[in-house]
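Residue-level structural notes
So you can see what is in the structure, the chains are spelled out below.
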Amino acid sequence: MGAERFAGESAQNMEMKCLCVLVLDVSGSMRGEKLNALNNGVRDFFTQIQTGDGVAENLIDQLEIAIIQYDEAVKILRDPKLLEENETPPTLEERGSTTETVVAMEEAIKLVEDRKAFYKETGQKYYRPWIVLMTDGEPYGERATQADIDNISDRVKRESDAKKYMMMGIGVGEANMQLLAKMCAGKALPLAGTKFGEFFQWLSNSLSVVSNSKEGEKVNIMDGATDWMKSFEI
């Protein structure tokens, strides 16, 4: 689709954009405490950006957030855009038992590609987009063969090395961290319990650091990571 996906939309401002796509597993194994904590964490993430609580003041004018939920189906709940005043995120609801992680990753990558085309068409500069994949299980479904997993893993590694985006995997509960790391070009970390709030606090702070950096500058985003990580082991 490219930029035409956002036909009729114009740039809200000419600040350098920071795109973050949240790809969230809502399959049956996420029901109960995990999904409640995830919903609360996303709400806190929105509030922190909107109020500027502990983040750069200009982040509200730079950070575009997209939300994709998935189980056996992949659904874009929020297209990439800046947050509106007092906006609340869509509620994530537990759905089917299948976990179509490969399809969800492909949808997220396509969304990033199309949004970058929109930025270029409208003359907006942008930082390398982030894709944050959160799952508590292994890929399962029609697009979960070993060949599918190998193909998406190779693609993410190749495109991450080319700095097209950064893919980060967050493993919840008994997630297969070794497989998640493979699929996310080595960038996968385990969440401690249901510390989604702490994770999103770290995410907003990290994106704030990115938004204040110079183009191409290396930044340290490890500050605060130990508040939500189970360990540094993968």
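Above: the structure in question.
1. Regarding the pattern of salt bridges
Considering all chains together, one arrives at 14 salt bridges under this definition. Salt-bridge contacts for R5 lead to E107; the nearest nitrogen and oxygen are separated by 3.2 Å. With a gap of 102 residues between them, R5 in the segment before β1 (18-25) and E107 in helix α2 (residues 101-121) connect regions that are remote in the sequence. With a relative accessible area of 25%, E107 lands in the partly exposed category. Where E106 meets R143, a salt bridge forms, and the shortest distance between an N and an O atom there is 2.8 Å.

2. Describing the side chain of Q62
Structurally, Q62 can be placed in the loop between α1 (33-51) and β2 (63-70). On the basis of relative accessible area, Q62 is assigned to the buried category, the value being 2%. A polar contact is formed between the side chain of Q62 and the backbone oxygen of M16, at a distance of 2.9 Å. Residues in contact with Q62, not counting those within four places in the same chain, are E15, M16, K17, C18, L82, Y127 and S211.

3. Some points on the environment of V21
Relative to the helices and strands, V21 resides in strand β1. Overall, V21 belongs to the buried group, its relative accessible area being 1%. In sequence terms V21 and I109 are 88 residues apart; their C-alpha atoms lie 9.1 Å from each other. With residues up to four places along the chain from it excluded, the contact list for V21 reads A66, I68, A108, L111, V112, W130, I131 and V132.

4. A closer look at the pairing of strand β5 (residues 166-171)
Buried residues dominate β5, accounting for six of its six residues. Along β5, one buried face is formed by M166, M168 and I170 and the opposite face, lined by M167, G169 and G171, is buried too. Examined bridge by bridge, β5 and strand β6 (residues 188-190) share three bridges and lie parallel to one another. Of the residues in β6, the one forming a bridge with G171 is P190.

5. Looking at the nonpolar core
Counting residues in hydrophobic clusters, the biggest one holds 39 residues, and the most contacted among them are L22, L38, F45, F199, F200 and L203. Among the elements of the structure, β1, α1, β2, β4 (130-135), β5 and α5 (196-211) are those that each provide at least two residues to this core. Beyond its immediate stretch of four places on either side in the chain, L203 contacts C20, L22, F45, W130 and V132. Core analysis: the next-biggest nonpolar cluster, separate from the first, contains 31 residues, L19, V156, M177 and M183 among them.

6. Observations regarding the sheet that holds β4
What holds strands together in a sheet is hydrogen bonding between their backbones, with the strands either parallel or antiparallel. The strand order β3-β2-β1-β4-β5-β6 describes an open sheet built from six strands, whose pairing is mixed. Bordering the open sheet on either side are β3 (74-82) and β6, each of which pairs with just one other strand. Across this sheet, the average inter-strand angle for adjacent strands is 15°, counted without regard to direction. By the bridge criterion, eight bridges tie β1 to β2 in an arrangement that is parallel. Counterpart to C20 in the pairing with β2 is I65. Strand contacts of α1: β1, β2, β3 and β4, with the helix running at about 170° to β2, the strand carrying the most contacts.

Parameters at a glance
- Residues numbered from 1 in each chain as written.
- Predicted model: local features only at pLDDT ≥ 70, side-chain atom pairs only at ≥ 80, totals over all residues.
- Heavy atoms only, no water.
- Salt bridge = Lys/Arg side-chain N within 4 Å of Asp/Glu carboxyl O.
- Helix = DSSP H or I, 4+ residues; strand = E, 2+ residues; numbered from the N terminus.
- Buried < 20%, exposed > 50% of the residue type's maximum accessible area, 1.4 Å probe, protein only.
- Polar contact = N/O pair within 3.5 Å; in protein donor to acceptor, adjacent residues only side chain to side chain.
- Contact = heavy atoms within 4.5 Å.
- Pairing = 2+ DSSP bridges.
- Core = buried A, V, L, I, M, F, W, Y, C linked by side-chain atoms within 4.5 Å.
- Axes fitted to C-alpha atoms, helices over the stretch in contact; angles between N-to-C directions.

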